[in-house]
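# Results of the structural survey
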Amino acid sequence: MTTTHRCGRVALMGPPNAGKSTLINALVGRKVAIVTSRPQTTRNRIVGILTERDAQIIFMDTPGVHALRGQTRGHLGRIMAQSAWQSLDAAHCVLLVLDGDLYVRKPEYMEKDLAPLIGALNKEERPVIVAVNKVDLFHDKSRMLPLLESIAELLPRAEIFPLSALQRDGITALRDIIRQTLPEGEALFPEDQLSTAPLRFMAAEIIREKLFDRLYQEVPYSVAVDIEQWDEEADRAIIHAVIYVARPSHKAMVIGRAGEGIKAVGTAARKEIKELLEKKVHLELWVKVRENWVDDPQFLHAIGFGMENME
């Protein structure tokens, strides 16, 4: 008997901090996107590839839809908005990811947060699945019913699927649903490829993740990472990275007292990059001030923004 093989792209859309990056990592089964507790961590479209015996699913993680409403200012914000809409245009299936715990506690936020997407998704002929994430935080599951009813009213054509990306609860069933929405076709990527992102990009993202974990208030959003040198030898990689900040005061915060901040970031990043490359890593970090970098198109292009990680 001949088995039908499916292949297609799935766009993960949704408000910031809904858990899209955690979900794409769970769906792929490996870490392909950085995860922090802060909204709008994702700046570029991140592509994760799941290859199975009868299907290849190409997941596209996108910046949060708040960026589409102008809450991320400057040229960087426009790049993020463009990235999200381009992913939607390229998808065979749309996976809308919502923070179920937030909307159970504050139901008035949901319609406002979804305003940029509701009109577009209700006009869609392609399959739309709503992943109601973070259900592991519900102490009383019955509180979820009004939320599911509200989502059904806002998006009557969508299939609604509660899950917990963090706990991997419901992931297998969601994969099965997604697989059936995709067209028949051969795989587009080798079976061992997990992402279209270059290793340099992934290493820069790991460093940025560790910066987000350590920094406070507005500082993380004023940080960019660029890999200036990448030399690989048989048993080790030598990586030099520059951390760009928007203000001199931010530079001091990144470096920390007696350099303890930058040292901690380097130690955490080095460990994860070593696991990524499966070899020893010599990582050097520098911090430079570049004011208004979020409004400098040439600089943003030079460090990889707007250059999508997919074929």
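These figures come from a predicted structure and were not determined experimentally.

### Points about the overall build of the chain
Along its length, the chain carries 10 helices and 9 strands. Looking at the chain as a whole, 55% of its 311 residues qualify as buried. Counted over contacts in the chain with a minimum sequence separation of 6, partners at least 24 positions apart contribute 74%. For the chain, the exposed area adds up to about 15000 Å²; of that, 49% sits on carbon and sulfur atoms.

### Observations regarding the pattern of salt bridges
Applying the stated criterion across every chain yields a total of 14 salt bridges. In this structure, the salt-bridge partner of Asp 54 is Arg 179, at a minimum N-O distance of 3.8 Å. Remark: Arg 179 occurs in helix H6 (residues 171–181) and Asp 54 occurs in the loop between strand E2 (46–51) and strand E3 (55–61); sequence separation between them is 125 residues. For Asp 54, a relative accessible area of 21% translates into the label partly exposed. Exposure remark for Arg 179: the relative accessible area of 10% places this residue in the buried category. The salt bridge involving Arg 208 is made with Glu 205; its shortest N-O contact spans 3.0 Å. Taken together, the residues span about one helical turn, with Arg 208 and Glu 205 both in helix H7 (residues 199–214) at a distance of 3 residues. Arg 208 sits in the buried class, given a relative accessible area of 2%.

### Quick notes on the pairing of E2
Most of E2 is tucked away, with 5 of its 6 residues classed as buried. When E2 meets E3, the two strands line up antiparallel, connected through 6 bridges. Bridging from a neighbouring strand, Leu 50 pairs with Ile 57 of E3. In textbook terms, the turn of a hairpin is the stretch between consecutive antiparallel strands, and for E2 and E3 this stretch comprises 3 residues.

### What to know about unusual backbone geometry
Positive phi is not limited to glycine here, since Asn 17 has a value of about 70 degrees. Tracing the chain through its elements places Asn 17 in the loop between strand E1 (6–13) and helix H1 (20–28). With a phi angle near 60 degrees, Arg 168 is a residue other than glycine that sits in the positive phi range. Tracing the backbone shows Arg 168 in the loop between strand E6 (159–162) and H6. Overall, Arg 168 belongs to the partly exposed group, its relative accessible area being 47%.

### What about the side chain of Asp 61?
Note on placement: Asp 61 falls in strand E3. With no salt bridge to any partner, buried Asp 61 finds its closest opposite charge in Lys 20, at an N-O distance of 5.3 Å. Among the polar contacts listed, one links the side chain of Asp 61 to the side chain of Ser 21, at a separation of 2.7 Å.

### Thoughts on the confidence of the model for the chain
The predicted coordinates ought not to be read in detail in places where the model reports low pLDDT. On average, residues of the chain carry a pLDDT of 84, and 83% of them reach 70 or more. Within the model, the stretch residues 67–72 combines pLDDT values under 50 with 16 contacts to residues more than four positions away or in other chains.

### Looking at the sheet that holds E3
The strands making up a sheet associate through hydrogen bonds between their backbones, and the pairing can be parallel or antiparallel. Across the sheet, 6 strands lie side by side as E2-E3-E1-E4-E5-E6; this open sheet has mixed pairing. At either end of the open sheet lies a strand with only one pairing partner, and these are E2 and E6. On average, adjacent strands in this sheet sit at an angle of 25 degrees to one another, irrespective of strand direction. In this structure, E1 lies alongside E3, joined through 7 bridges in parallel fashion. Within the sheet, the bridge partner assigned to Arg 9 lies in E3 and is Ile 58. Here helix H4 (residues 108–122) sits on the sheet in contact with E1, strand E4 (93–99) and strand E5 (128–133), set at roughly 175 degrees to E4.

### Structural notes on the packing of H7 against helix H9 (residues 260–277)
Between H7 and H9, the shortest axis-to-axis distance is 9 Å and the interhelical angle comes to 140 degrees. The way H7 lies across H9 gives a crossing that is right-handed. Facing Leu 199, Met 202, Ala 203, Ile 206, Ile 207, Glu 209, Lys 210, Leu 211 and Arg 214 of H7, the residues of H9 in contact are Gly 261, Ala 264, Val 265, Ala 268, Ala 269, Glu 272, Ile 273, Leu 276 and Leu 277. A breakdown of the residues in the contact of H7 with H9 according to their chemical character gives 13 nonpolar, 1 polar and 4 charged.

### Digging into the sheet that holds strand E9 (residues 280–289)
In space, the 3 strands of this open sheet follow the order E7-E8-E9, with mixed pairing throughout. Both edges of this open sheet fall to strand E7 (223–232) and E9, since each of them pairs with a single strand only. Direction aside, neighbouring strands of the sheet carry axes that sit 20 degrees apart on average. Relative to strand E8 (residues 236–245), E7 runs antiparallel, the two sharing 9 bridges. Residue pairing across strands places Val 223 opposite Val 245, the latter belonging to E8. Along the sheet, helix H8 (residues 248–255) contacts E8 and E9; its crossing angle with E9, the most-contacted strand, is approximately 155 degrees.

What counts, and where the lines are drawn
- Residues numbered from 1 in each chain as written.
- Predicted model: local features only at pLDDT ≥ 70, side-chain atom pairs only at ≥ 80, totals over all residues.
- Heavy atoms only, no water.
- Helix = DSSP H or I, 4+ residues; strand = E, 2+ residues; numbered from the N terminus.
- Buried < 20%, exposed > 50% of the residue type's maximum accessible area, 1.4 Å probe, protein only.
- Contact = heavy atoms within 4.5 Å.
- Areas by Shrake-Rupley, 256 points an atom, 1.4 Å probe, with all protein chains shown as cover.
- Salt bridge = Lys/Arg side-chain N within 4 Å of Asp/Glu carboxyl O.
- Pairing = 2+ DSSP bridges.
- Lys, Arg positive; Asp, Glu negative; His and termini not counted.
- Polar contact = N/O pair within 3.5 Å; in protein donor to acceptor, adjacent residues only side chain to side chain.
- pLDDT = per-residue confidence, 0-100.
- Axes fitted to C-alpha atoms, helices over the stretch in contact; angles between N-to-C directions.
- Left-handed = near helix turned anticlockwise from the far one by under 90°.
- Nonpolar A, V, L, I, M, F, W, Y, C, P; charged D, E, K, R; others polar.

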